[in-house]
Amino acid sequence: MASNVKVNRPKARVAKGFRDVDAAEIRGLREMLGTIQKGYELYGFEPVEQPCIEYTDALGKFLPDQDRPNEGVFSFQDDDEQWLSLRYDLTAPLARYVAESQQFLPTPFRSYRQGWVFRNEKPGPGRYRQFMQFDADTVGSASPAADAEVCMMAADTMEALGIKRGQYVVKVNNRKVLDGIMEVIGIDGGENAGRRLTVLRAMDKLDKFGPQGVRLLLGKGRKDESGDFTKGAELDDIQVEHVMAVLLNQPEVNVGPSSAIPAKIFDANETYKQGFAELDQIHSLVRGAGYGADRIKIDASVVRGLEYYTGPVFECELLMDAKDEKGKLVRFGSVGGGGRYDDLVSRFIGQAVPATGFS
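These notes cover the structure that comes with them. (Residues numbered from 1 in each chain as written. Predicted model: local features only at pLDDT ≥ 70, side-chain atom pairs only at ≥ 80, totals over all residues. Heavy atoms only, no water.)

1. Section: the overall build of the protein chain
Under the convention used in this document: Secondary structure counts use DSSP, requiring at least four H or I residues in a row for a helix and at least two E residues in a row for a strand, with both numbered from the N terminus. What the globule rule says is 2.2 Å times the number of residues to the power 0.38, and the radius of gyration is computed from C-alpha atoms. We call a residue buried when its accessible area falls under 20% of the maximum for its residue type, exposed when it is over 50%, and partly exposed in between, using a 1.4 Å probe and counting protein chains only. Contacts: residue pairs with any heavy atoms within 4.5 Å of one another. Accessible areas in this description were obtained via Shrake-Rupley with a 1.4 Å probe; residue shielding takes into account the shown protein chains only. This count recognises Lys and Arg as positive and Asp and Glu as negative, with His and chain-terminal groups excluded. Working definition for charges: the position is that of NZ of Lys, CZ of Arg, CG of Asp or CD of Glu.
When its secondary structure is counted, the protein chain shows nine helices and 13 strands. In terms of overall dimensions, the protein chain is globule-like: its C-alpha atoms have a radius of gyration of 22 Å, near the 21 Å expected for 359 residues. Projected onto its principal axes, the C-alpha positions of the protein chain cover 85 × 55 × 45 Å. Taken across its 359 residues, the protein chain has 45% of its residues classed as buried. Considering only intrachain contacts with a sequence separation of at least 6, the fraction spanning at least 24 residues in the protein chain is 66%. Total accessible area on the protein chain stands at roughly 19700 Å², and carbon and sulfur atoms take up 50% of it. Of note, the protein chain has its 46 positive side-chain charges centred 7 Å away from the centre of its 53 negative side-chain charges.

See below:
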């Protein structure tokens, strides 16, 4: 006799923003990670590993301040009602590890680590909530040589992975240059945080939209080909030209005609001058080591997302075209980045510990 009892079965589905990985990709990933590891070890970095779960307050000031800290990260409470989070990246756990173990570590401490990281963000094409990172960091050195070394290692790693010169570039900027720009145009205060972010995002779109597109985003806004409108930072004409002066007066970046206002407008700003001086040192070091502008170049449009960067920032971009699942040509864009984060370890111990790294 047939039973009329309805059986509730779970639906077989992968969680949104996550994916299953097949054998071919796993083998390719293992080979790629092995190549990166060899490159990092040639530069003298040694392996270390931290857990994928940390106390939420250890993950950094870039997390939102709210009762349930799960915006951007996946969080839960343990039996002691303390908030724990899946790691957002590999840098914040390293800072906690250094602060906890510094008396046993050499100075500078040069290490690498690999592992899955998790981001509670809206997924999109090629953008998942779980992905692999492979970091290398130098903790304990304030020298620009440490920053230059990271950039050179990133370039060497790309070529070891089979990416030819001309198919990638490592771009370098400095958060102090960006901070100086904000001070000059008068939106560096806390009440201007949202507007400041809009300006930085506009600068970051130079490669994608060109000078005119960035001008629109710095001003009233920009309408794309589909008719969608992106609200701008609503800077006035003089403020816009001040920003464009920095973006367009770069000897290593061919983005079009020079702005009408010379970049010298920033020479009186100490923050900008300090950042530019650090970039000049990095530039001299990489050129002296034989790395040309086709591999590493200074680019004032580089804006890294995390708030803990304090000085030089780096971004490695793939330049070759590829096709997506529908056969449409796409640009890979950024596949790695990093920068200097001199304040991250000091959050735990109250004293300055310089650090820089690349992922």
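Following the structure, the description resumes.
2. Considering the side chain of Asn173
What counts is decided by this rule: What qualifies as a polar contact is a pair of N or O atoms within 3.5 Å, subject to a donor-acceptor requirement within protein and to the restriction that residues adjacent in sequence count only when both atoms come from side chains.
Relative to the elements of secondary structure, Asn173 occurs in strand β7 (residues 168-174). Among the polar contacts made by the side chain of Asn173, one reaches the main-chain carbonyl oxygen of Ala300 at a distance of 3.1 Å. A polar contact is formed between the side chain of Asn173 and the backbone oxygen of Val302, at a distance of 3.1 Å. Among all residues touching Asn173, those that are not within four sequence positions of it are Leu178, Leu279, Asp299, Ala300, Ser301, Val302, Gly311, Pro312 and Val313.

3. A short note on the sheet that holds strand β11 (residues 312-323)
For clarity, the cut-off: The pairing criterion for strands is at least two bridges between them, as found by DSSP.
Across the sheet, which stays open at both edges, the eight strands sit in the order β1-β5-β6-β13-β12-β11-β7-β10 with mixed pairing between neighbours. Each edge of the open sheet is held by one strand with a lone partner, namely β1 (46-47) and β10 (296-298). Relative to strand β12 (residues 329-340), β11 is paired through nine bridges, and the arrangement is antiparallel. Considered in β12, the bridge of Lys323 is made with Leu329.

4. Things to note about the sheet that holds strand β2 (residues 53-55)
Put simply, the rule reads: Geometry is summarised by axes, namely lines fitted to C-alpha atoms with helices restricted to the contacting stretch, and by angles between N-to-C directions that run from 0 to 180 degrees.
The strand order β2-β4-β3 describes an open sheet built from three strands, whose pairing is antiparallel. The sheet is open, and its two edges are formed by β2 and β3 (75-77), each paired on a single side. With direction set aside, neighbouring strand axes in the sheet form an average angle of 35 degrees. Where β3 and strand β4 (residues 83-86) come together, three bridges link them in antiparallel fashion. Bridged to Ser75 within β4 is Ser85.

5. A short note on the packing of helix α4 (residues 175-185) against helix α8 (residues 270-288)
Let me state the cut-off plainly: Small angles under 35 degrees read as roughly parallel and large ones over 145 as roughly antiparallel, with 65 to 115 read as roughly perpendicular and the rest as oblique. Crossing handedness: left-handed means the near helix sits turned counterclockwise from the far one by under a right angle, and right-handed means the same turn made clockwise. Each residue gets one of three labels, nonpolar for Ala, Val, Leu, Ile, Met, Phe, Trp, Tyr, Cys and Pro, charged for Asp, Glu, Lys and Arg, and polar for the others, Gly among them.
Their axes nearest at 7 Å, the elements α4 and α8 cross at an angle of 155 degrees. When the axis of α4 is compared with that of α8, the two are roughly antiparallel. Handedness of the crossing formed by α4 with α8: left-handed. Counted together, Lys176, Val177, Asp179, Gly180, Ile181 and Glu183 of α4 and Thr271, Tyr272, Gln274, Gly275, Phe276, Glu278 and Leu279 of α8 form the full contact between these two elements. Here the contact of α4 with α8 is built from residues that sort into five nonpolar, four polar and four charged.

6. Considering the pattern of salt bridges
The criterion, for reference: Counted as salt bridges are all cases of a side-chain nitrogen of Lys or Arg within 4 Å of a carboxyl oxygen of Asp or Glu.
The final tally for this structure, using the stated rule, is 20 salt bridges. Its salt-bridge partner being Glu159, residue Arg295 comes within 3.0 Å of it at the nearest N-O pair. Of this pair, Arg295 sits in the loop between α8 and β10 while Glu159 sits in helix α3 (residues 144-160), and the two are 136 residues apart along the sequence. The exposure class assigned to Glu159 is partly exposed, which follows from its relative accessible area of 26%.

7. Remarks on α8
Short version of the rule: Each residue after the first adds 1.5 Å to the expected span of a helix. The arc in question is the one spanned by the directions pointing from the helix axis to the C-beta atoms.
Here α8 contains 19 residues, and its C-alpha end-to-end distance of 27 Å stays within 8% of the 27 Å for a straight helix at 1.5 Å per residue. When we look at burial in α8, the residues that qualify are Tyr272, Gly275, Glu278, Leu279, Ile282 and Val286. Considered in projection along α8, the buried side chains sweep an arc of 130 degrees and stay on one side of the axis. Opposite the buried face of α8, at more than 90 degrees from it, the exposed residues are Glu270 and Gly288. Looking at the buried side of α8, the elements it contacts are α3, β7, α4, α7 (237-248), β10 and β11. Measuring from the side-chain oxygen of the N-cap residue of α8 to the backbone nitrogen of Thr271 gives 3.2 Å; that N-cap residue is Asn269. Backbone geometry just after α8 places Gly290 at a positive phi near 95 degrees.

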